[in-house]
Amino acid sequence: MIIRSGIVISSLLLSLSAPAQDLSHGKWIDLTHAFNENSVYWPTADMFKQTEVFAGHTDGGYYYSAYNFSAAEHGGTHLDSPIHFAEGGHTADQLPVEQLVGPGFVIDVSKQSAENVDYLVTAADIEAFEKDHGALPKGAIVLLMTGRAELYNDREQYMGTAERGEAAVAKLHFPGLSKEGASLLVARGINAVGIDTPSIDYGQSSDFATHVELMTHNIPAFENVADMSALPATGSTIIALPMKIEGGSGGPLRIVAHIK
């Protein structure tokens, strides 16, 4: 019993003395658009609003600022949790943290997207990436770079229309992921997929088949991801932590990449 206790204590001491993961070296890249009144939201969604509670010097002699904000779950750089398009799927607060952190793989389709605003990333695009960089591993976080992040501040260019309301939805034009491409990513066992457009389905989608394909397999999507051009095709670590909204179908997302 004494020996066993000694083994337990030794193991505990060893675990306590193990060095923490060193993230002080390398480079951090923020893949998140700032939230403000110009943030991109779906034409039918409530926009981001921020109101001042107080900002200035108080009678106590110190500076103080505070604000209220409100917005739809889906807008700006944000998470689509599986429940968004899959009954019984994970909600924002149910997604395991380990599913939101993982090795990053950036598939560049910016050339194709520049030639076709409604471009759909195909299974062939993904397979061509794998031919050059190896098969996508289980647990990968796949980012689709269409090159449209630079248009984010011009809603008409970025989305196809700056109009608001239900009638504007039919005027949306931007690239997305095809259902076949989504099926291949599901088969690879990826953790999550992100894109630098307002939706993982392309703008003209009416059935949101890509959302359904991913989310019925509990794979979340990150939308309106910011500029990915500084990321290598492989070798980054992605950390994508959304606001933990209980029962949420999505929420604001802070997504970053670390490169050694």
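Whatever comes next refers back to the structure up there.
The model shown is predicted, which means the values in this text are computed figures rather than measured ones. (Residues numbered from 1 in each chain as written. Predicted model: local features only at pLDDT ≥ 70, side-chain atom pairs only at ≥ 80, totals over all residues. Heavy atoms only, no water.)

K.L.:
How should the overall build of the protein chain be read in this particular structure?
P.N.:
Secondary structure summary: the protein chain contains 6 helices and 12 strands in total. With respect to the principal axes defined by its C-alpha atoms, the protein chain has extents near 75 × 65 × 40 Å. A buried classification covers 45% of the 260 residues belonging to the protein chain. For the protein chain, contacts bridging at least 24 residues in sequence account for 74% of all contacts bridging at least 6. For the protein chain, the accessible surface area stands at approximately 13,600 Å², while carbon and sulfur atoms represent 53% of it. One way to put it: in the protein chain the 15 positive side-chain charges average out to a point 6 Å from where the 31 negative ones average out. (Helix = DSSP H or I, 4+ residues; strand = E, 2+ residues; numbered from the N terminus. Buried < 20%, exposed > 50% of the residue type's maximum accessible area, 1.4 Å probe, protein only. Contact = heavy atoms within 4.5 Å. Areas by Shrake-Rupley, 256 points an atom, 1.4 Å probe, with all protein chains shown as cover. Lys, Arg positive; Asp, Glu negative; His and termini not counted. Charge placed at Lys NZ, Arg CZ, Asp CG, Glu CD.)

K.L.:
I keep staring at the nonpolar core and nothing clicks. Help me out?
P.N.:
For soluble globular proteins, nonpolar side chains are generally found buried alongside one another. Membership of the largest hydrophobic core comes to 26 residues, with the highest contact counts inside it found for Val142, Leu144, Leu177, Leu185, Val193, Ile200 and Leu214. Mapped onto this core, the elements with two or more residues apiece are strand E5 (101-108), helix H3 (123-133), strand E7 (141-145), helix H5 (179-188), strand E9 (192-195) and helix H6 (209-215). Here this core takes 4 residues from H5, the largest share from any one element. Not counting the four nearest positions on each side in its chain, leucine 185 is found in contact with Ile126, Leu136, Val142, Leu177, Ile190 and Val193. One finds Ala92, Leu100, Leu143 and Ala192 within the second-largest nonpolar core, a separate group that totals 21 residues. (Core = buried A, V, L, I, M, F, W, Y, C linked by side-chain atoms within 4.5 Å.)

K.L.:
Is there a simple way to think about the packing of aromatic side chains in this case?
P.N.:
We describe a pair of aromatic rings using the distance from one ring centre to the other and the angle between the two ring planes. All chains considered together, the criterion is met by 7 aromatic pairs. Here the aromatic rings of tryptophan 42 and phenylalanine 174 are separated by 6.4 Å at their centres, their planes lie at 80 degrees, and the arrangement is edge-to-face. Of this pair, tryptophan 42 sits in the loop between strand E1 (27-30) and strand E2 (49-57) while phenylalanine 174 is found in the loop between helix H4 (155-159) and strand E8 (176-177), placing the two residues 132 residues apart along the sequence. Since its relative accessible area comes to 0%, phenylalanine 174 is described here as buried. Geometrically, the ring pair formed by phenylalanine 54 and tyrosine 64 is tilted, given 6.2 Å between the ring centres and 35 degrees between the ring planes. Of this pair, phenylalanine 54 sits in strand E2 while tyrosine 64 sits in strand E3 (residues 63-70); the two residues are 10 residues apart in sequence, bridging distant segments of the chain. (Phe/Tyr/Trp six-rings, centres within 6.5 Å; stacked < 30°, edge-to-face > 60°.)

K.L.:
Could you clarify how one ought to interpret unusual backbone geometry in this entry?
P.N.:
Negative phi is the rule for most residues except glycine; trans is the rule for most peptide bonds. Of note in this structure, phenylalanine 208 is not a glycine but carries a positive phi near 50 degrees. Assignment of secondary structure puts phenylalanine 208 in the loop between E9 and H6. The phi dihedral of asparagine 224 falls on the positive side, at around 55 degrees, and the residue is not glycine. Positionally, asparagine 224 belongs in the loop between strand E10 (221-223) and strand E11 (236-242). Judged by relative accessible area, which is 1%, asparagine 224 ranks as buried.

K.L.:
Please clarify how H3 should be interpreted in this entry.
P.N.:
Residues of H3 that are buried include every one of Ala123, Asp125, Ile126, Phe129 and Glu130, and no others. Angularly, the buried residues of H3 cover 160 degrees about the axis, an arc narrow enough to put them on a single face. Seen from the buried face of H3, the exposed residues on the opposite side, beyond 90 degrees, are Lys131 and Asp132. Packed against the buried residues of H3 are E5, helix H2 (110-115), strand E6 (120-121), E8 and H5. (Arc of directions from axis to C-beta.)

K.L.:
I'm lost on the packing of H3 against H5 in this one. Help?
P.N.:
Two numbers describe a pair of packed helices, the interaxial angle and the distance between the axes. It is at 7 Å that the axes of H3 and H5 come closest, and there the two elements cross at 45 degrees. The pairing of H3 with H5 is recorded here as oblique in orientation. Every residue of H5 that contacts H3 at Ala123, Ile126, Glu127 and Glu130 is listed here: Glu180, Gly181, Leu184, Leu185 and Arg188. In terms of residue class, the contact of H3 with H5 is built from 4 nonpolar, 1 polar and 4 charged. (Axes fitted to C-alpha atoms, helices over the stretch in contact; angles between N-to-C directions. Parallel < 35°, antiparallel > 145°, perpendicular 65-115°, else oblique. Nonpolar A, V, L, I, M, F, W, Y, C, P; charged D, E, K, R; others polar.)

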